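Commentary on secondary and tertiary structure
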Amino acid sequence: MIPPEVRSIIEEMRSERIRGASWLARRGAEAYALLSQLLEGDELEEALRDMKREIPAVNRTMASLYNLARFIPVTGNPDLVRAKAEEFIRLGEEAKREIGNIGSELIDENEVVITHSFSSAVLEIFKAAKKKGKRFRVILTESAPDFEGIALARELDALGVQFEVITDAQLGLFTRQATLALVGADNVTRDGAVVNKAGTYPLALACHENGIPFYAAAESFKLHPELNSDEVEIVEKPYARQGYRVRNFLFDITPWRYVRGIITEFGILVPPKEI
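Note that the coordinates shown come from a computational prediction; the quantities given were computed from them, not determined experimentally. (Residues numbered from 1 in each chain as written. Predicted model: local features only at pLDDT ≥ 70, side-chain atom pairs only at ≥ 80, totals over all residues. Heavy atoms only, no water.)

Another point: the pairing of strand β7 (residues 214–217). Burial along β7 is two-sided: the residues Phe214 and Ala216 and Tyr215 and Ala217 are all buried. In the sheet, strand β4 (residues 180–183) pairs with β7 via 3 bridges, with the strands oriented parallel. In the sheet register, Ala181 faces β7, and the bridge partner there is Phe214. Sheet topology places β7 next to strand β11 (residues 261–264); 3 bridges connect them, and they run parallel. Bridge pairing in β11 places Ala217 opposite Ile263. (Buried < 20%, exposed > 50% of the residue type's maximum accessible area, 1.4 Å probe, protein only. Helix = DSSP H or I, 4+ residues; strand = E, 2+ residues; numbered from the N terminus. Pairing = 2+ DSSP bridges.)

Quick look at a nonpolar patch on the surface now. A contiguous nonpolar patch, built from Phe147, Ile150 and Val165 and spanning about 200 Å² of accessible area, is present on the exposed surface. In this structure, Phe147 sits in the loop between β2 (136–141) and α7 (148–159). We classify Phe147 as partly exposed; its relative accessible area is 34%. (Patch = residues over 30% accessible without salt bridge, like charges linked within 9 Å, V, L, I, M, F, W, Y side chains within 5 Å. Areas by Shrake-Rupley, 256 points an atom, 1.4 Å probe, with all protein chains shown as cover. Salt bridge = Lys/Arg side-chain N within 4 Å of Asp/Glu carboxyl O.)

All chains considered together, the criterion is met by 20 salt bridges. Measuring nitrogen to oxygen at the nearest pair gives 3.2 Å for the salt bridge that ties Arg26 to Glu30. Taken together, the residues span about one helical turn, with Arg26 and Glu30 both in helix α2 (residues 21–38) at a distance of 4 residues. You can call Arg26 partly exposed: its relative accessible area is 34%. Using a relative accessible area of 26% as the deciding quantity, one classes Glu30 as partly exposed. Among the salt bridges present, the one from Asp50 reaches Arg53, with a minimum N-O distance of 2.4 Å. Taken as a pair, Asp50 and Arg53 lie in helix α3 (residues 41–57) at a separation of 3 residues, close to a single helical turn. With relative accessibility at 52%, the residue Arg53 sits in the exposed group. Within this structure, Glu12, Arg26, Arg27, Glu30 and Glu93 form a network of salt bridges that share partners.

Moving on, we come to the packing of helix α4 (residues 63–71) against helix α5 (residues 78–104). Between α4 and α5, the shortest axis-to-axis distance is 10 Å and the interhelical angle comes to 140 degrees. Helix-helix and strand crossings are classified by hand; for α4 and α5 the assignment is right-handed. Together, Ser64, Leu68 and Phe71 of α4 and Lys84, Glu87, Phe88 and Leu91 of α5 make up the contact between the two elements. Its residues assigned to classes, the contact of α4 with α5 shows 4 nonpolar, 1 polar and 2 charged. (Axes fitted to C-alpha atoms, helices over the stretch in contact; angles between N-to-C directions. Left-handed = near helix turned anticlockwise from the far one by under 90°. Contact = heavy atoms within 4.5 Å. Nonpolar A, V, L, I, M, F, W, Y, C, P; charged D, E, K, R; others polar.)

So, about the environment of Lys197. Assignment of secondary structure puts Lys197 in strand β6 (residues 194–197). The spacing of Lys197 and Ser22 is 175 residues in sequence and 14 Å in space, taken between C-alpha atoms. Apart from residues lying up to four places away in sequence, Lys197 is in contact with His116, Ser117, Ser143, Ala144, Pro145, Asp146, Glu148, Asp186, Leu250, Phe251 and Asp252. Among the polar contacts made by the side chain of Lys197, one reaches the main-chain carbonyl oxygen of Ser143 at a distance of 3.4 Å. Here the side chain of Lys197 touches Ala144 through a polar contact of 3.3 Å, landing on its backbone oxygen. (Polar contact = N/O pair within 3.5 Å; in protein donor to acceptor, adjacent residues only side chain to side chain.)

Take the sheet that holds β2 next. Strand pairing in a sheet takes place through backbone hydrogen bonds and is either antiparallel or parallel in direction. Ordered in space as β3-β2-β1-β4-β7-β11-β12, the 7 strands form an open sheet in which the pairing is mixed. Strands at the two margins of the open sheet, each flanked by one partner only, are β3 (162–166) and β12 (267–269). Pairwise comparison of adjacent strand axes, ignoring direction, gives a mean angle of 25 degrees for this sheet. Packed on one face of the sheet, α7 meets β1 (111–115), β2 and β3 and runs near 160 degrees to β2.

What follows is about the sheet that holds β6. Read across the open sheet, the 3 strands follow the order β5-β6-β10; overall the sheet is antiparallel. Both outer strands of the open sheet, β5 (187–188) and β10 (251–254), are each paired with one neighbouring strand and no more.

For any two aromatic rings, the description comes down to two numbers: the centre-to-centre distance and the angle of the planes. As enumerated under the stated definition, the model contains 4 aromatic pairs in all. Where Tyr201 meets Tyr258, the ring centres are 6.3 Å apart and the plane angle is 45 degrees; that geometry is what we call tilted. Of this pair, Tyr201 sits in helix α9 (residues 200–210) while Tyr258 sits in the loop between β10 and β11, placing them 57 residues apart in sequence. On the basis of relative accessibility, which here comes to 17%, the residue Tyr258 falls in the buried class. Among the aromatic side chains, those forming a connected cluster through ring pairs are Phe71, Phe88 and Phe221. Of note, Lys84 hangs over the ring of Phe71, and the distance from its end group to the ring centre comes to 4.1 Å. (Phe/Tyr/Trp six-rings, centres within 6.5 Å; stacked < 30°, edge-to-face > 60°. Lys NZ or Arg CZ within 6 Å of the ring centre and 35° of its normal.)

Quick look at the structure:
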């Protein structure tokens, strides 16, 4: 049985709308660490078996939660659980820093980068590029209906990076002004597809049409070891406007042929052969 204190973290994860797979994975690891402080022995083992089901079920589209549940062993030893949870968090932070360093090398002087939604990995790339003294501009979508793009705009404003926010419907129009596309990923499937905020696929198509290189940034724990793109469960969130139901799938799937590379902590992987 999962203790109420840990259950509240899981519910917090379920209700989160802005922050993506990296944040959810870290918060899930923190839930495991808290569990190790509360239980031991048979009770801990039983709770860990429940967590192995509950954590991926927070959002089945996200490979990070699936891989987190696989990373934590089912054991009655709380010290081992805590150590593995802390290791997962540490590896995630190190991966993000390395992605920032690798990805920032793709940004040339006076680059115009277009992005969609809010990705902490992409933000890390922008931070690294800014630290290296590179001058660049970002075009970002507002990313309706949860407006993750506005959260990214605040971060870029604080960094002093030049940017402009566009409506999602103007992706095709503004892609022509870009020289590079960078997005995050909630899941990279075994066959090399990128699962990300709905609207990513139209951006990739617009980039393909206009000859703009399209990259996704993802820590290695977002690579799904088992699922192919046609097996991914896409979550739909209830949404209505002015009394009418509006279809609202949270993610879409971009086929590998539109993706120049996946920026990971191990380098830039070319899908599908290097995934």
